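The primary structure of each chain is shown beneath.
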Amino acid sequence: MAAYCRPPGGAGGGGRYGDAELDDYDGSGEDDGSEGDECAQGNAQFSGRPYVPPASSAAGTGPSFGENMESHFLVPRRLQDKPYELIEAANDWHYAMMNDIPRNEFYLSALQQLVTPETVVLEIGAGSGLLSIIAASLGAKCVVAIEANLHLANVAREIIRSNGYEGKIHIINKMSTDVTPAELAPYGAPDVLLSEILGTLLLGESALHYVADARRRLCAPRCAVVPARGAQFATLIESADVSSITSVKSWNGIDLDYFNSLQDTTSMVFTKQYGFRFSSAAYTELAPRTRILPIDFARDSVGVWGQESHTTITATRSGVVHAVMASWEVYGGGSLVMATHPDATLHNFPRDMQWGQALQLIEDTSADGEKPIPFTVAAGETLTIVTRHSIDGVSLQFELLRGEPPPAGAIGIGAVDSRGRRTGEAGSGAPGVHARKP
């Protein structure tokens, strides 16, 4: 299941976070000294704690769907007692998620490479139970499906029962961080850790927090993880379509340019918020799609993203950089890839509706004024993408600079990136990624 983080900005909202296990949010195995209820009303993005899905047991009790409607509005009895946020999420993107056929096939193919009659599968965020059913249908010894929301867990139980897998799939209605090894002992140590807690941004639903915790506490040593790896990408784009809904110049001889003093070039906005499919908009890529953050879900720990990274790229076309587009890839075994790049969603309407891409508008920050200065680039020009990560890793922010980043000694960036590799080894060939830890 994808958790509840397709909202504005991709940042985790407030709410209660779990208890002792969530205090070890850095994945080190040691308590960080804070108490879970101290940040009960805080914001995960600024506390560094993982995103907690609304309508889960850990998020507290909100209004029911019936309570959220005016008393004279008709609400079917089946919906009246359900959490409002659950019904909103189900109708916003759950249906799109389940009908993303290539997504389902990605998980089927990845699990086919791993599941045997002796395999115990653990799924985090079971949702409808679809992925657990896929694992069970492949002959797994048993599947333990963790789902934090009571109503969603009951829906999954009914779907599992109606498909004949109630004896093989066992649901635990808790946050995965609250599940203990003793609760899994009757089924055996999981050999495969399965999840789909991916947001519009790769870590927008704190996937690494939950996967690393389950990997460390609940699974067999060296368990297989699905998806195994992932990468966040950034692309510089020029688009008159994007510009037409994010800026203004004039109309009929009336100068409206000063209204651009309100243009937000700080926030990451999801294309679904704008109300359009980026894959169907007219746009030009001004530089190659660039990997800015690789994630190894089977090995990495929370905080691997660091605080800031600098990625050197070369413009391949001249133009105005209207925005940086964020999209991602995740990988299974062999050549299996699932992506949210526009060319991967162009003919996949459900994927655009549940994930889509994220856009951050760009201005030339070297010139500070009352209005944003457009960032114009020339083909062959060297540029640096600065990526700043929120403490919890859920959200990020881009800045575009001219030239290469300053020497390491000038700003404290070392000769290795946050993954311990020499700069220039970060990905598909190309740009060097220079990163520093918080």
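Nothing here was measured: the structure is a model prediction, and the numbers come from that model.

Asks: Even after reading the chapter, I still don't get the overall build of the protein chain, so can you show me in this structure?
Replies: Helix and strand counts for the protein chain stand at 14 helices and 20 strands. The burial tally for the protein chain puts 52% of its 438 residues in the buried class. Split by element, the accessible area of the protein chain, about 18900 Å² in all, is 52% carbon and sulfur.

Asks: So what exactly am I meant to see when it comes to the sheet that holds strand β2 (residues 142-146) here?
Replies: Whenever strands of a sheet pair, they do so through backbone hydrogen bonds, lying parallel or antiparallel. Taken together, the 5 strands give an open sheet; going across it, the order is β3-β2-β1-β4-β5, and neighbouring strands pair in parallel fashion. Each edge of the open sheet is held by one strand with a lone partner, namely β3 (169-172) and β5 (224-226). The sheet shows a mean angle of 20° between the axes of neighbouring strands, direction not considered. One ladder, built from 4 bridges, connects strand β1 (residues 120-124) with strand β4 (residues 192-195); its direction is parallel. Each residue of the ladder has a partner; that of Val121, found in β4, is Val192.

Asks: Quick question: what am I supposed to make of the state of the cysteines here?
Replies: In protein structure, a disulfide is the covalent linkage between the sulfur atoms of two cysteines. Enumeration according to the criterion identifies 0 disulfides in this entry. Left without a disulfide partner, Cys219 is nearest to the cysteine sulfur of Cys223, which lies 4.1 Å away.

Asks: Would you mind going over the packing of aromatic side chains with me for this structure?
Replies: Within a pair of aromatic rings, the relevant descriptors are the distance that separates the centres and the angle that separates the planes. If you walk through the whole model with that rule in mind, you get 6 aromatic pairs. Centre to centre, the rings of Phe106 and Tyr107 are 5.3 Å apart; their planes meet at 85°, and the pair counts as edge-to-face. Just as Phe106 is buried, Tyr107 falls in that class too. The interplanar angle of 45° and the centroid separation of 6.1 Å between the aromatic rings of Tyr274 and Phe276 together place this pair among those described as tilted.

Asks: Hey, could you run me through the side chain of Arg277 in this one?
Replies: Mapped onto the elements, Arg277 comes out in the loop between α11 (271-274) and β10 (284-285). Exposure remark for Arg277: the relative accessible area of 18% places this residue in the buried category. Within the local environment of Arg277, its side chain forms a polar contact with the backbone oxygen of Thr345, the two atoms lying 2.7 Å apart. Residue contacts for Arg277: discarding those within four places in its chain leaves Thr345, Leu346, His347, Asn348, Phe349, Asp352 and Met353.

Asks: Could you clarify how one ought to interpret the nonpolar core in this entry?
Replies: Nonpolar side chains tend to gather and get buried jointly when the protein is soluble and globular. In this structure, Leu122, Leu193, Leu198, Leu236, Phe297 and Phe398 are the most contacted members of the largest nonpolar core, which totals 80 residues. Those residues in contact with Leu236, other than ones at most four positions away along the chain, are Thr284, Glu285, Leu286, Ala287, Ile313, Val321, Ala323, Val324, Leu383, Ile385 and Leu400. One finds Ile237, Val242, Phe278 and Leu361 within the second-largest nonpolar core, a separate group that totals 7 residues.

Asks: Looking at this model, I keep getting lost on the packing of helix α5 (residues 101-112) against helix α6 (residues 130-137). Mind explaining?
Replies: A pair of packed helices is characterised by two quantities: the angle between their axes and the separation of those axes. Contact pair α5 / α6: the axes reach a minimum separation of 10 Å and the direction vectors enclose 35°. The chirality of how α5 crosses α6 is right-handed. The segment α5 lies against α6, with Arg103, Asn104, Tyr107, Leu108 and Leu111 engaging Leu130, Leu131, Ile134 and Ala135. The residue makeup of the contact of α5 with α6, split by class, is 7 nonpolar, 1 polar and 1 charged.

Asks: Would you mind showing me how to read the pattern of salt bridges here?
Replies: Between side chains of opposite charge, a pair can form as their charged atoms come close. Scanning all chains against the criterion turns up 15 salt bridges. Across the pair Arg277 and Asp352 runs a salt bridge whose closest N-O atoms are separated by 2.8 Å. Note that Arg277 is positioned in the loop between α11 and β10 and Asp352 in helix α13 (residues 349-354), a separation of 75 residues in sequence. As a salt-bridge pair, Asp364 and Arg402 come within 3.5 Å of each other at their nearest N and O atoms. Of this pair, Asp364 sits in the loop between β16 (358-361) and β17 (375-377) while Arg402 sits in strand β19 (residues 396-402), placing them 38 residues apart in sequence. Owing to a relative accessible area of 10%, Asp364 belongs among the buried residues under this scheme. Note on Arg402: relative accessible area 38%, which makes it partly exposed. Members of the salt-bridge network, linked through shared partners, are Asp213, Arg216 and Arg217.

Asks: Sorry, what's going on with the pairing of strand β12 (residues 308-314) here?
Replies: Regular strands place side chains that alternate from one sheet face to the opposite one. Within β12, 6 of the 7 residues are buried, which leaves it mostly tucked inside the rest of the structure. Summarising the sheet, β12 and strand β18 (residues 382-389) pair through 7 bridges and their orientation is antiparallel. Residue pairing across strands places Thr311 opposite Ile385, the latter belonging to β18.

Asks: Help me out: how do you make sense of the environment of Gly356 in this one?
Replies: Summarising the element assignment, Gly356 is placed in the loop between α13 and β16. Sequence separation between Gly356 and Arg277 is 79 residues; the distance between their C-alpha atoms is 7.2 Å.

Asks: Any chance you could explain unusual backbone geometry here in plain terms?
Replies: Trans peptide bonds make up the majority, and among non-glycine residues the majority have a negative phi. Along the chain, Val226 connects to Pro227 via a cis peptide bond; the corresponding omega equals -5°. Among the structural elements, Pro227 can be located in the loop between β5 and β6 (229-238). The phi dihedral of Ser206 falls on the positive side, at around 55°, and the residue is not glycine. Topologically, Ser206 is positioned in the loop between β4 and α9 (207-217). With a phi angle near 55°, Arg222 is a residue other than glycine that sits in the positive phi range. Following the sequence through the fold, Arg222 ends up in the loop between α9 and β5.

Rules and cut-offs
Residues numbered from 1 in each chain as written. Predicted model: local features only at pLDDT ≥ 70, side-chain atom pairs only at ≥ 80, totals over all residues. Heavy atoms only, no water. Helix = DSSP H or I, 4+ residues; strand = E, 2+ residues; numbered from the N terminus. Buried < 20%, exposed > 50% of the residue type's maximum accessible area, 1.4 Å probe, protein only. Areas by Shrake-Rupley, 256 points an atom, 1.4 Å probe, with all protein chains shown as cover. Pairing = 2+ DSSP bridges. Axes fitted to C-alpha atoms, helices over the stretch in contact; angles between N-to-C directions. Disulfide = S-S within 2.5 Å. Phe/Tyr/Trp six-rings, centres within 6.5 Å; stacked < 30°, edge-to-face > 60°. Polar contact = N/O pair within 3.5 Å; in protein donor to acceptor, adjacent residues only side chain to side chain. Contact = heavy atoms within 4.5 Å. Core = buried A, V, L, I, M, F, W, Y, C linked by side-chain atoms within 4.5 Å. Left-handed = near helix turned anticlockwise from the far one by under 90°. Nonpolar A, V, L, I, M, F, W, Y, C, P; charged D, E, K, R; others polar. Salt bridge = Lys/Arg side-chain N within 4 Å of Asp/Glu carboxyl O.

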